[in-house]
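# Tertiary structure, described
So the chains spell out like this:
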Amino acid sequence: MGKTYTRIDGRLRTFIEAQPIFFTGTAPLSADGTVNVSPKGLQGSFAVLDELTVAYLDFAGSNAETIAHLRENGRITLMWCAFQGPPNIVRVHGRGEPVFRDDPRFGDLLAHFPDIDATTHGVRAIVVVTAELIRDTCGYAVPFMAYEEDRELHGKRFAREDDASLSAYFAKKEHVATSLDGLPGLPLPLPPRSV
């Protein structure tokens with residue numbers, strides 16, 4: 001029932017690009033560390049860069065577990081589920097890297113997300129994932145659910161912030177500079193944008 005793919009193209013690429021939500025899974029190396037699963041949404045915040053590389057925008061929020069885990073060990077799994085249409089689950093297992101705002105690559109990567117105003121949403125980093133294993137499974141038990149629209153709350157909340165106030169916001173949050181397990185998270189003060 002499951003199939004392994006050598007690249008992200010054709011029907012597989014069309015499927016993942018059409019999904020309004022996906023999930024990330026990461027974990028620290030420590031056996032008793034906290035496993036993290038995060039939902040990611042907002043139309044236009046995910047991009048297929050090439051047949052083995054994808055990227056998504058890491059937005060302002062109240063923790064930075066995914067960034068901390070990637071900085072420590074790079075392991076990540078992305079998962080998409082078909083909530084409409086034929087059943088399907090796609091997972092991309094790979095290595096991820098957070099590209100921060102002061103990285104020379106940031107501007108070129110940001111160009112892959114033309115529908116997102118990075119200043120409105122407080123983009124902290126762009127997570128770039130290189131696929132090592134690409135698989136799909138049946139998804140027969142995934143329920144039908146209808147996508148209505150993106151929530152406007154995130155953009156409205158973080159549109160009020162400039163770089164200095166956004167950095168101050170992150171500094172107040174307990175698990176942004178360090179993870180739940182004490183790993184280095186988002187570099188603070190927030191790096192200025194390279195673009």
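Definitions and limits used
- Residues numbered from 1 in each chain as written.
- Predicted model: local features only at pLDDT ≥ 70, side-chain atom pairs only at ≥ 80, totals over all residues.
- Heavy atoms only, no water.
- Core = buried A, V, L, I, M, F, W, Y, C linked by side-chain atoms within 4.5 Å.
- Buried < 20%, exposed > 50% of the residue type's maximum accessible area, 1.4 Å probe, protein only.
- Helix = DSSP H or I, 4+ residues; strand = E, 2+ residues; numbered from the N terminus.
- Contact = heavy atoms within 4.5 Å.
- Pairing = 2+ DSSP bridges.
- Polar contact = N/O pair within 3.5 Å; in protein donor to acceptor, adjacent residues only side chain to side chain.
- 1 Å grid on protein atoms, 1.4 Å probe; cavity = no way out; pocket = protein on both sides within 12 Å on 5 of 7 lines; lining within 4 Å.
- Points joined across faces, edges and corners; volume = space filled by probe spheres on them.
- Nonpolar A, V, L, I, M, F, W, Y, C, P; charged D, E, K, R; others polar.

## Some points on the nonpolar core
Membership of the largest hydrophobic core comes to 21 residues, with the highest contact counts inside it found for Ile8, Ile16, Phe46, Leu78 and Trp80. Where this core is concerned, the elements lending two or more residues are helix H1 (10–18), strand E4 (46–50), strand E5 (53–58), strand E6 (75–81), strand E7 (89–100) and strand E8 (125–137). Sorting elements by how many residues they give to this core places E8 first, with four residues. For Leu78, the residues in contact, after removing those within four places along its chain, are Phe22, Phe23, Thr24, Phe46, Val54, Tyr56, Val90, Arg91, Val92 and Val129. By size, the runner-up hydrophobic cluster in this structure holds 14 residues, among which are Phe59, Phe113, Ala118 and Ile126.

## Here's the deal with the pairing of E4
Judged from the four bridges that link them, E4 and E5 form a sheet pairing that is antiparallel. The residue of E5 that forms the bridge with Asp50 is Thr53. In this structure, the hairpin formed by E4 and E5 is closed by a connection of two residues.

## Things to note about the side chain of Asn36
The topology assignment puts Asn36 in strand E3 (residues 36–41). Overall, the relative accessible area of 12% leaves Asn36 in the buried class. In this structure the side chain of Asn36 is engaged in a polar contact, spanning 3.0 Å, whose partner is the side chain of Ser38.

## Re the layout of surface pockets
Space inside the largest pocket adds up to approximately 1200 Å³. For the largest pocket, the lining is made up of 40 residues, of which Ile21, Pro39, Lys40, Gly41 and Leu42 are closest to its centre. Residue assignment for the lining of the largest pocket shows that the elements contributing at least two residues are H1, strand E2 (21–26), E3, E5, helix H2 (65–72) and helix H5 (153–158). The dominant element in the lining of the largest pocket, judged by the number of residues it contributes, is E3, at four residues. Around the second largest pocket sit 14 residues that line it, and Glu17, Gln19, Gln43, Gly44 and Phe46 are the ones nearest its centre. Sorting the residues of the lining of the second largest pocket by element identifies H1, E2 and E3 as the ones contributing at least two each. When grouped by side-chain class, the residues that make up the lining of the second largest pocket number seven nonpolar, five polar and two charged.

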